[in-house]
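The lines below spell out each chain.
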Amino acid sequence: MSKSPKATESKAFYLNPDRSVAVINYSEEYIQDIFQLVNSQGFYNLVDVYLQESQLAVTNKVEALDAKAYIDILKAILIDNKAGYEKYGNEQILKSIEELYSYYRSYFRVSLINKHNSAIVKGNFMNFDNHFNEIVIQMYRSIEEKLQGFTNKAYRQVNAGTNACVLTQSIQWNTPQKYQSLESIRFLDTLMLRPPMMMHTKSNKREGVFSEVFDNPIDKFDGNQKDWYCFPAKIGESLAFIYFHRDYFVSGIALANLFEVADKDSIAGQKPDEILLFGLNKTKGDVSHYYHDTDNNIWVGEVPYNDKTTYFGYMKKMCLTLHNLHMIYENRLPIHGSMVKISFSNGKTKSVVFFGDSGAGKSESIEALQEIADDKIINIETIFDDMGSFAFDDQGNVYAQGTETGAFVRLDDLSSSVAFNNMDRGIYLNPELKNARVILPANTYKHVVEHYSIDMWVYANNYDAEIGLHQFPNEEKAKATFIAGKRKALGTTDEVGMSTTFFANPFGPVQEEEKTRPIIDKVFNKLYQDNIYVGEIYTHLGYDKSKASLHESAKELLTELMNN
C-alpha cells in the first residue's frame, strides 16, 4: 500500500490509519442496531479510508467505487434489494466485505464512555460495549450469509467491535498553577480489556537513555480534552499521572496490565509525584527527557510524538525512570531486577532478588528454577518483575518493595507453557517480530507494596563461562560487580555486545549517580552486617544460551536456598 490516508474523525468515531488506532465515543453517539451503524458518519469514514488503502481495486470493481456507492450496496443487501447489488457479483462483494471486516479488526479499537459520576453508567458500561460488539458481528454475518445464500455451520465469536472499553471521568486534583492546562483532561477510571490482545506498533525496540532538561515540559503542552487522556497509576507508593495522546492508546491501555489504576479518592485533591506527557509535538532533539520541578516537588517526563515512541518500552521505562528518581530523592535504592517469594516443600520460605540489566537472565533464572525443582517448590510468588526498591524501616533494617503489578517480558524468554498458560490474560505486542513482548498481570497492588525481607540477592551474570552460583566474600567485591553493571546485550535495546551501566539501571541511578552511591553503600553495609547472601548466578544467556548450563546453575541455587 501507498502512504496511509490521514486521520479522520466524526462526532463519535476517530480513525488513524497511520497508527492503526480507532476510538469510539459512546457518550457522543451510541449505535443501537445495524441500520444505525450502516448509516453512521463513522462507518462512512471507515469505508472511505478502507477504499483509499485497498489493494483489491485493480481486480475487484466493488473496491473501485466511492464510499457512498459502496455503502448503498451494503444497504441493498441488508434489505434484500437484489437489484441494488447483483450486477457486481456476490462473490466479489463477499470478498470485499471480508477484507473490510479484517481491515477494521486490524486496528486497535477502544470505546469510551464518560462516567459523569453515574453509578448506572459504571455498572453497565461493559454491557454497552458487549452490545456494540454484537451489532458489528451481526451486520457482518447478515451480509455474509445473504451473499453466500446459506447460514454458517461454524461461528467464531471474535472481538468484532472493540478490543477494550474505558470509563473516563473528570476529577479535580491539587493542580499547581503551572499545570492548569491539564485540568480538563479526563482520567481513565475503569477499563475492560478483551484478551488475548494482539497489538502492533511501528517500533519494536527502545533506544538511548532519558536525559534531564531544565525547562519544564508542561510549557510545551497544548493538548485538549478530545485528543488527550490520563492514566492515573500507582507505581509503588508513588502517584503518577500519565497523560497520552489518543494515538498512543495501545500503550495507554496496556498500562492496565502493568500498574494499578488509582481510584478517585487517590486523585481528588491530591498532587501527583510524577507527571508524564506522552506524545508532545516537539521535544529537544525529538527524544525523551525528564525535569525536576523542585518548586512543586513533581518529576515531569516528556516523550515526543514519533514512530519510535510507539514501542511500549518508552512508556513503561519513562514511568519507571520518573518513579526511580523520586525514590532516590526519598533515600531509597531503585533495583532493576525481579523478586520472588519461594515456598519449599521442606517448610522454608525464601525471598530472592535477581538483579541485572535487560537480557541478563533474571526471568530465565526463575523459570529454570521452576523447571528443575520438581516437587521441591510449592509456590513462587512474584513480588516485582522488573523494578523494585530497597529501603530502610524505622529500626534500620533493609526491606524490598515492588512497583508494578504486572510483567513486561520477551516472548523468547518464556517457555511455551508459561506463554500459553497465561494467554487468556495477556497483552501481546508485535508477537511476530524479534523482541516480541507480552504484558501479564502478576500480583495484586496490596502485595506488591508490602515490605519484604531479603534472604538472597544475586547478580544475573550472562557473560562469563562459569556455571553455578558464586557468593561474594565481602561487600567491596559485591559492590564492584553490582555497580559495574556488566552484561552482554541481547538486542532488547539498541545496544550490542558487552556493555556496562552504572548499577545495571539506566532508569534513575545513571541519571543521579552521585545521589545513588551513598544509598548503595548503606544498603550493602547493612546486608553484610546481617549476613545476607549476596552473589551472582551464571545464566549463560550471552555466552552460549545453553539451557543445560542455566539448569545447572539453578540446581546450585535450589540447594543453597533449601539447605542454608
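Thresholds applied
- Residues numbered from 1 in each chain as written.
- Predicted model: local features only at pLDDT ≥ 70, side-chain atom pairs only at ≥ 80, totals over all residues.
- Heavy atoms only, no water.
- Pairing = 2+ DSSP bridges.
- Helix = DSSP H or I, 4+ residues; strand = E, 2+ residues; numbered from the N terminus.
- Axes fitted to C-alpha atoms, helices over the stretch in contact; angles between N-to-C directions.
- Parallel < 35°, antiparallel > 145°, perpendicular 65-115°, else oblique.
- Contact = heavy atoms within 4.5 Å.
- Nonpolar A, V, L, I, M, F, W, Y, C, P; charged D, E, K, R; others polar.
- Buried < 20%, exposed > 50% of the residue type's maximum accessible area, 1.4 Å probe, protein only.
- Patch = residues over 30% accessible without salt bridge, like charges linked within 9 Å, V, L, I, M, F, W, Y side chains within 5 Å.
- Areas by Shrake-Rupley, 256 points an atom, 1.4 Å probe, with all protein chains shown as cover.
- Salt bridge = Lys/Arg side-chain N within 4 Å of Asp/Glu carboxyl O.
- Lys, Arg positive; Asp, Glu negative; His and termini not counted.
- Charge placed at Lys NZ, Arg CZ, Asp CG, Glu CD.
- Disulfide = S-S within 2.5 Å.

Caption draft 1: Seen up close, the sheet that holds strand E22 (residues 437-441). Taken together, the 4 strands give an open sheet; going across it, the order is E7-E21-E22-E20, and neighbouring strands pair in mixed fashion. Among the strands making up the open sheet, the edge pair consists of strand E7 (197-199) and strand E20 (406-410). Between one strand axis and the next, the sheet turns by 20° as a mean value, whatever way the strands run.

Caption draft 2: Structural detail: the packing of helix H2 (residues 41-53) against helix H4 (residues 90-105). Running from N to C, H2 and H4 cross one another at 105°; their axes reach a closest spacing of 11 Å. Regarding the angle of H2 to H4, the classification is roughly perpendicular. In this structure, H2 uses Phe43, Leu46, Val47, Val49, Tyr50 and Glu53 to contact H4, whose residues at the interface are Ser96, Glu99, Leu100, Tyr103 and Tyr104. Class assignment of the residues belonging to the contact of H2 with H4 gives a composition of 8 nonpolar, 1 polar and 2 charged.

Caption draft 3: Molecular detail of unusual backbone geometry. Look at the link from Pro195 to Pro196: it is a cis peptide, with omega at -5°. Within the chain, Asn331 stands out as a residue other than glycine whose phi angle is a positive 65°. Along the chain, Asn331 falls in the loop between helix H8 (312-329) and strand E15 (333-344). Of the residues examined, Asn331 reaches a relative accessible area of 55% and is grouped as exposed. A positive phi is found at His540, a non-glycine position, where the angle reads about 70°. Mapped onto the secondary structure, His540 falls in the loop between strand E27 (533-538) and helix H14 (547-563). Relative accessible area serves as the criterion here: at 3%, His540 is assigned to the buried category.

Caption draft 4: Looking closely at a positive patch on the surface. A surface patch of positive charge is lined by Lys205, Lys434, Lys488 and Lys545. Along the chain, the position of Lys488 falls in strand E25 (residues 486-490).

Caption draft 5: Here's a closer look at the state of the cysteines. A complete count under the given rule lists 0 disulfides for this structure. Cysteine Cys165 is unpaired, with the sulfur of Cys230 as its nearest cysteine sulfur at 18 Å. Of the cysteine sulfurs around Cys319, a residue in no disulfide, the closest is that of Cys230, at 10 Å. Look at Cys319 and you get buried, because its relative accessible area is 3%.

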